[in-house]
Amino acid sequence: MPKISGAKVISLGIVYEKRMLFKNRHVISMKDFSREEIDYVLDTAEKLEPVARGEERSRLLDGKIISLLFFEPSTRTRLSFEVATRRLGGQVLNLGSVEASSVMKGENLADTIRVISKYADLIVLRHPLDGSARMAAEFASVPVINGGDGSVHHPTQTFLDLYTIRRESHLEGLKIAMAGDLKYGRTVHSLCHALSLYGAEMTFVSPPELRMPPEIVRDLQKKKIRVKETDSLEEIIGDVEILYMTRVQRERFPDPEEYEKVKNRLRVTGELLKAADPGLKILHPLPRVNEISPEVDSTPHARYFEQAFYGVPIRMALLALAMGVIE
Amino acid sequence: MPKISGAKVISLGIVYEKRMLFKNRHVISMKDFSREEIDYVLDTAEKLEPVARGEERSRLLDGKIISLLFFEPSTRTRLSFEVATRRLGGQVLNLGSVEASSVMKGENLADTIRVISKYADLIVLRHPLDGSARMAAEFASVPVINGGDGSVHHPTQTFLDLYTIRRESHLEGLKIAMAGDLKYGRTVHSLCHALSLYGAEMTFVSPPELRMPPEIVRDLQKKKIRVKETDSLEEIIGDVEILYMTRVQRERFPDPEEYEKVKNRLRVTGELLKAADPGLKILHPLPRVNEISPEVDSTPHARYFEQAFYGVPIRMALLALAMGVIE
Amino acid sequence: MPKISGAKVISLGIVYEKRMLFKNRHVISMKDFSREEIDYVLDTAEKLEPVARGEERSRLLDGKIISLLFFEPSTRTRLSFEVATRRLGGQVLNLGSVEASSVMKGENLADTIRVISKYADLIVLRHPLDGSARMAAEFASVPVINGGDGSVHHPTQTFLDLYTIRRESHLEGLKIAMAGDLKYGRTVHSLCHALSLYGAEMTFVSPPELRMPPEIVRDLQKKKIRVKETDSLEEIIGDVEILYMTRVQRERFPDPEEYEKVKNRLRVTGELLKAADPGLKILHPLPRVNEISPEVDSTPHARYFEQAFYGVPIRMALLALAMGVIE
């Protein structure tokens, strides 16, 4: 049988002063990546985009087995990792949420990770507990990519948000509003941190109950990020380039009436958008409930479905870099 | 990376006067297809049959991702689509019933379809609601094949039934009996319509409670189809070429005793088959309960397992035609 | 489309006096295999090991569809069959436990097997009932590999245990201790039988409630196997080459206090291992509960994670032999 040569690594022609070292590196938290490293991942994703669209073929992950170990359901994350793997010619080993949680019950995560390391060439882990991805990385003998663990980290979501912003607008000095549940949303917390590396003007739009945690606001201000807080979309819609909407979950409100009020106030409608800049792009991690009214879908502002697509090239880039098949 | 050339379409050498247009066409209902188009699908399936049997290789769907989006379980339909895709060299993106129904909960079908359109090159949809496939097709940016929606449409089942009849007997002017639950069975309703395009003599065998709906009988008669109704298999077994059995479900009967009586009367046994034409072929969409006695399995009449196999080449044909890789 | 030539069978250069006949043979019970045949399977696994490790590529199962029909969950068995198939270039058709048990409900196993035989080139069956694999083999038109049925047979586990012992120690005249639940553990029963073909000194370590069934002990003694029984690991740890640990399940004990006592007595710790032979290797079919203390993991004695890996080459060998692609 043919030996796998070590010389299969290809170059996409992206050159940086400092040599980027991603091979066998775990992807656990955005905070582990410098701005230069993030740019390198985004550049790689852009090179791979035609493959993600099915317009070009790739065999970069030929012969590689990527294990998707999901201890809680997350359809979009799982599917985009699966598509990313397949479009690069790799194989997927699925361990779904039902199986993972019921069958591995009685075994500790460390043992599970050690066994899966024997089967697969890379592990994507989704787990409900804070810190589980970092812990898994310690026991794994293959690279681990955090597909979301607990309430803090979901780095591939942040990478895809950054990639979407770069592709649809621009990263440097961006005027962005984030709206919805800013208190519990790990997505926006992580995005704030990442955007702060590029400079930004940030507006946080939320009901008083769901404001951005003050320690995050203070941290941003220390980094010279201009921050504004409000509870009204009308007030800010004319002055932003990106509006990042998030869901407000009913469970956050003890009083259902209060939820109804908030829900309807933080809503993007055709009416609201009359005051928007023509270049405004609206993002949303999906699924949406009614934060964005359907008539918005057909406007050029709506980029949330394209954002879902961008999950594919960005995960391709992370998989290929961690496997060391491109550099 | 190599560009995917647009010239990959191959011809199987099937020539029709009118050029058939299937590329990017949705497959929602049998009523969307003319007799000539149906013949074209069946011809294509026949060409692909050696691939379905694993005797020949094909790369027709190489690099294509087929998403199986199943909101209700349907093992046979799912598996045969999966085998069809793989035998043609394509990739499957499975969204199982548990996941689909629990995770996508809170998101409307339109959004789900728009997201999956970004990931896959074609969507096979199975959904409990009438009309959901047609609706999905409106929101999809890729072809949609209806894998069964609600109580009316399940076109790939009808295509496979027609293909089975053509391979095992003949379509033109067929003498067919359909037996079992003819009132609620979408399979037989759709098959009646399709067979009427070829001319046929139809006998409907059912208990009085589960007779073929009168509007379907009238519709067939308008198309000059000779229709006979009875509740006895004995009476008709000597005079048909195809006997299409279906399940009678216990839930249809408020009175369990009534169910037992009906169940045992509409049963194909070795005894019954003594009066059958030697060329009679028995079909059943499966699973069966006890409509067909096990001693029948080893007779040359039994073609229901082969019928299950025919689901593979027919779904290959529909996938390849909708993807535009053959013409 | 290219015909699949029948000449694709490759030789790995393993030569036996007697020609081994595995093609289209079912793998149901260890008792169906002679010592020479077992050796042949182990030799084949060893040849395929670099492929299992991802160091070499293989297309032995290119174009083949392996159906994993699991009526009860068994993550390790399923995953290692899936990895084995993919590393050999084959395709997997997964029928998970949820689906298999809920959807196929109402259909008998014989019909299910007959249908899956139409879709796949080989069936791996996992089923809770004793004898179901043998029964399935009778109805299948493709080879069936028993992935565990009921309380007696799980031949691929035994093959992998033998392979692990051969790779990590030696088979002929082995000094082995088996510890834990020896009464209900099908794994150890089957391993006893298989090892008896090679001669062995066996020590059974268990609480009195969970002793090795006397008929197995008698059977071994008839075959001139030296057997010793004890309830103490300390007593025997200095005198064995392989220690095969198994789980003691809480459900076996009516009295929870009794369970706690037993559980803590049959435990491998760093302390215990001070008296062990330096060459001792510890195996465990996993998952473990607390039979092996974590500090043991980093010692050279611990081979249970490598044992999990060996499931891949051994299942590759069985798949390839049953499909007749090597000889």
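Because the structure is a prediction, the values reported are computed rather than measured. (Residues numbered from 1 in each chain as written. Chains lettered and ligands numbered in written order. Predicted model: local features only at pLDDT ≥ 70, side-chain atom pairs only at ≥ 80, totals over all residues. Heavy atoms only, no water.)

Trainee: Could you clarify how one ought to interpret the overall build of chain A in this entry?
Mentor: Across its full length, chain A carries twelve helices and nine strands. A compact globule built from 327 residues would reach a C-alpha radius of gyration of about 20 Å, and chain A, at 20 Å, matches this within 12%. Its C-alpha atoms give chain A principal-axis dimensions of about 65 × 45 × 40 Å. The buried share among the 327 residues of chain A stands at 62%. Expressed as a percentage of contacts within chain A between residues at least 6 apart in sequence, the contacts between residues at least 24 apart total 73%. Carbon and sulfur atoms make up 50% of the accessible area of chain A, which amounts to about 12600 Å² in all. For chain A, the distance from the average site of its 46 positive side-chain charges to the average site of its 46 negative ones is 4 Å. (Helix = DSSP H or I, 4+ residues; strand = E, 2+ residues; numbered from the N terminus. Rg over C-alpha atoms; globule rule 2.2 N^0.38 Å. Buried < 20%, exposed > 50% of the residue type's maximum accessible area, 1.4 Å probe, protein only. Contact = heavy atoms within 4.5 Å. Areas by Shrake-Rupley, 256 points an atom, 1.4 Å probe, with all protein chains shown as cover. Lys, Arg positive; Asp, Glu negative; His and termini not counted. Charge placed at Lys NZ, Arg CZ, Asp CG, Glu CD.)

Trainee: What should I look at first to understand helix α1 (residues 35-52) of chain C in this one?
Mentor: Along an α-helix, a turn takes 3.6 residues, which lines up residues three or four apart on a common side. All names here are of chain C. Between the first and last C-alpha of α1 there are 24 Å, a value that for 18 residues agrees with the 26 Å anticipated at 1.5 Å per step. Taken together, the buried positions of α1 are occupied by Glu37, Ile38, Asp39, Tyr40, Val41, Leu42, Thr44, Ala45, Leu48, Glu49, Val51 and Ala52. Elements that come into contact with the buried residues of α1 comprise α2 (75-87), α6 (155-168) and α12 (304-322). A positive phi of about 80° marks glycine 54, the residue just after α1. (Expected span 1.5 Å × (residues − 1).)

Trainee: What is the right way to look at the relation of the copies chain C and chain A in this model?
Mentor: The operation relating the two chain copies consists of a rotation about an axis and a shift along that axis. Expressed as a screw operation, the relation of chain C to chain A combines 0.1 Å of axial shift with a rotation of 120°, fitting to an RMSD of 0.0 Å. As the rotation angle and translation indicate, the two copies are arranged about a three-fold axis. In this assembly the copies use different faces: only 3% of the residues contributing to the interface of chain C also contribute to that of chain A. (Least-squares fit on C-alpha atoms with pLDDT ≥ 70 in both.)

Trainee: Hey, could you run me through the side chain of glutamate 82 of chain C in this one?
Mentor: Counting through the fold element by element, glutamate 82 of chain C comes out in helix α2. If sequence neighbours within four positions are ignored, glutamate 82 of chain C has contacts with Val92, Leu93 and Asn94 of chain A together with Leu68, Val92 and Asn94 of chain C.

Trainee: Please explain the interface of chain B and chain C as it appears in this structure.
Mentor: Accessible area lost on assembly of the parts is the figure often given for the size of an interface. Every contact between the two is made by 29 residues of chain B and, on the other side, 27 residues of chain C. For the pair chain B and chain C, the two sides together bury roughly 2700 Å², of which 56% comes from carbon and sulfur. If you sort the residues of chain B by the area they bury against chain C, Arg57, Arg86 and Phe305 of chain B come out on top, with a joint share of 25%. The partner of arginine 57 of chain B in a salt bridge is aspartate 62 of chain C, with the nearest N and O atoms 3.0 Å apart. Every element with two or more residues in the side of chain B that touches chain C is listed here: α1 (35-52), α2 (75-87) and α12 (304-322) of chain B. Per-element accounting of the side of chain B that touches chain C gives the leading share, nine residues, to α2 of chain B. Tallied by class, the residues present in the side of chain B that touches chain C amount to 13 nonpolar, four polar and twelve charged. (Buried area = accessible area lost by both parts, 1.4 Å probe. Salt bridge = Lys/Arg side-chain N within 4 Å of Asp/Glu carboxyl O. Nonpolar A, V, L, I, M, F, W, Y, C, P; charged D, E, K, R; others polar.)

Trainee: For this particular structure, what's the right way to read the sheet that holds strand β2 (residues 91-95) of chain A?
Mentor: Across a sheet, strands are paired by hydrogen bonds formed along the backbone, either parallel or antiparallel in direction. Ordered by their spatial adjacency, four strands build an open sheet running β2-β1-β3-β4 (chain A), and the pairing between neighbours is parallel. Two strands bound the open sheet, and with one partner strand each, they are β2 and β4 (144-149) of chain A. Shown here is a sheet whose adjacent strand axes are inclined to one another by a mean of 15°, direction ignored. Relative to β4 of chain A, strand β3 (residues 122-127) of chain A is paired through four bridges, and the arrangement is parallel. Its bridge partner lying in β4 of chain A, valine 124 of chain A is registered against isoleucine 145 of chain A. Lying over the sheet, α2 of chain C contacts β1 (65-70) and β2 of chain A, oriented at roughly 175° with respect to β2 of chain A. (Pairing = 2+ DSSP bridges. Axes fitted to C-alpha atoms, helices over the stretch in contact; angles between N-to-C directions.)

Trainee: In this structure, what is going on with the domain arrangement of chain A? I would like to understand it.
Mentor: All names here are of chain A. In terms of domain boundaries, chain A breaks down into domain 1 (8-154 + 311-323) and domain 2 (156-308). A straight line from the C-alpha centre of domain 1 to that of domain 2 covers 26 Å. Listed by partner, the interface residues are 31 residues for domain 1 and 23 residues for domain 2. It is Met30, Arg35 and His154 that lose the most area in domain 1 upon contact with domain 2, and together they represent 29% of the buried surface on that side. On inspection of domain 1 and its partner domain 2, the count reaches five salt bridges. Applying the counting criterion to the domain 1 and domain 2 interface returns 15 residue pairs in polar contact (both at pLDDT 80 or more). Broken down by secondary-structure element, the contributors of at least two residues to the side of domain 1 that touches domain 2 are α1 (35-52), α2 (75-87), β4 and α12 (304-322). Here the element with the most residues in the side of domain 1 that touches domain 2 is α1; it accounts for nine residues. The class makeup of the residues in the side of domain 1 that touches domain 2 is 13 nonpolar, seven polar and eleven charged. (Domains from an automatic or database assignment. Polar contact = N/O pair within 3.5 Å; in protein donor to acceptor, adjacent residues only side chain to side chain.)

Trainee: Quick question: what am I supposed to make of the pairing of strand β5 (residues 174-179) of chain B here?
Mentor: Within a regular strand, side chains alternate between the sheet's two faces. All names here are of chain B. In terms of burial, β5 is a largely internal element, five of the six residues being buried. Relative to strand β6 (residues 200-205), β5 runs parallel, the two being bridged by six bridges. Of the residues in β6, the one forming a bridge with leucine 174 is alanine 200. Viewed along the sheet, the connection from β5 through helix α7 (residues 186-196) into β6 turns out right-handed. The pairing of β5 with strand β8 (residues 242-245) spans four bridges and is classified as parallel. By the bridge assignment for β8, isoleucine 176 is matched with isoleucine 242. (Right-handed = clockwise from strand over helix to strand, strands pointing away.)

Trainee: Mind showing me how you'd approach unusual backbone geometry here?
Mentor: As a rule of thumb, non-glycine residues mostly have phi less than zero, and peptide bonds are mostly trans rather than cis. All names here are of chain B. Here the amide bond leading from leucine 286 into proline 287 is cis, since omega sits at -5°, within 30 degrees of zero. Position of proline 287 among the secondary structure elements: in the loop between β9 (281-283) and α12. Even without a glycine there, the phi angle at asparagine 24 is positive, about 65°. Mapped onto the elements, asparagine 24 comes out in the segment before α1. Backbone geometry places leucine 286, a non-glycine residue, at a positive phi of 60°. Its location among the elements puts leucine 286 in the loop between β9 and α12.

Trainee: Would you mind going over the relation of the copies chain B and chain C with me for this structure?
Mentor: For the match of chain B to chain C, the screw axis carries a shift of 0.0 Å, the RMSD comes to 0.0 Å, and the turn is 120°. Looking at the interface residues of chain B, only 3% of them are also at the interface in chain C, so each copy uses its own face.

Trainee: Please explain the packing of aromatic side chains as it appears in this structure.
Mentor: One pair of aromatic rings is described through two measures. These are the centre distance and the angle between the planes. The full count for this structure, using the stated rule, is 24 aromatic pairs over all chains. Between the aromatic rings of phenylalanine 309 of chain C and tyrosine 310 of chain C, the centroid separation amounts to 5.7 Å while the plane-to-plane angle is 55°, which identifies the pairing as tilted. Residue classification places phenylalanine 309 of chain C among the buried residues on the basis of a relative accessible area of 2%. The class of tyrosine 310 of chain C is buried, set by a relative accessible area of 2%. Put simply, the rings of Tyr16, Phe22, Phe33, Tyr40 and Phe159 of chain A touch in pairs and so form one group of aromatic residues. Its guanidinium or amino end placed over the ring of phenylalanine 22 of chain C, arginine 25 of chain C lies 5.2 Å from that ring's centre, counting from NZ or CZ. Just above the ring of phenylalanine 81 of chain C sits the side chain of arginine 315 of chain C; from NZ or CZ to the centre is 5.1 Å. (Phe/Tyr/Trp six-rings, centres within 6.5 Å; stacked < 30°, edge-to-face > 60°. Lys NZ or Arg CZ within 6 Å of the ring centre and 35° of its normal.)

Trainee: I would appreciate a short explanation of the interface of chain C and chain A in the present structure.
Mentor: Taken residue by residue, the interface counts 29 residues in chain C and 26 residues in chain A. Carbon and sulfur atoms make up 56% of the area that chain C and chain A hide from each other, which totals about 2600 Å². It is Arg57, Arg86 and Phe305 of chain C that lose the most area in chain C upon contact with chain A, and together they represent 25% of the buried surface on that side. On inspection of chain C and its partner chain A, the count reaches six salt bridges.

Trainee: What's the story with the sheet that holds strand β4 (residues 144-149) of chain C in this structure? I'm lost.
Mentor: Residues and elements named next belong to chain C. Pairing in this open sheet of four strands is parallel, and the strands run β2-β1-β3-β4 from one edge to the other. Two strands close off the open sheet at either side, each with one partner strand: β2 (91-95) and β4. In this sheet, neighbouring strand axes are inclined to one another by 15° on average, regardless of whether the strands run parallel or antiparallel. Along the sheet, helix α5 (residues 132-139) contacts β3 (122-127) and β4; its crossing angle with β4, the most-contacted strand, is approximately 160°.

Trainee: In this structure, what is going on with the environment of phenylalanine 159 of chain C? I would like to understand it.
Mentor: Mapped onto the secondary structure, phenylalanine 159 of chain C falls in helix α6. Between the C-alpha atoms of phenylalanine 159 of chain C and isoleucine 66 of chain C, which are 93 residues apart in sequence, the distance is 19 Å.

Trainee: Just to check I follow, could you spell out the packing of α2 of chain A against α12 of chain A for this structure?
Mentor: Pairs of packed helices are described in terms of their axes, by the angle between the two and the distance that separates them. Residues and elements named next belong to chain A. Where α2 contacts α12, the axes come no closer than 8 Å and their chain directions differ by 60°. Crossing of α2 against α12: the hand is right-handed. Residue-level contacts link Thr77, Ser80, Phe81, Val83, Ala84, Thr85 and Arg87 of α2 to Gly311, Val312, Arg315, Met316 and Leu319 of α12. Tallied by class, the residues present in the contact of α2 with α12 amount to six nonpolar, four polar and two charged. (Left-handed = near helix turned anticlockwise from the far one by under 90°.)

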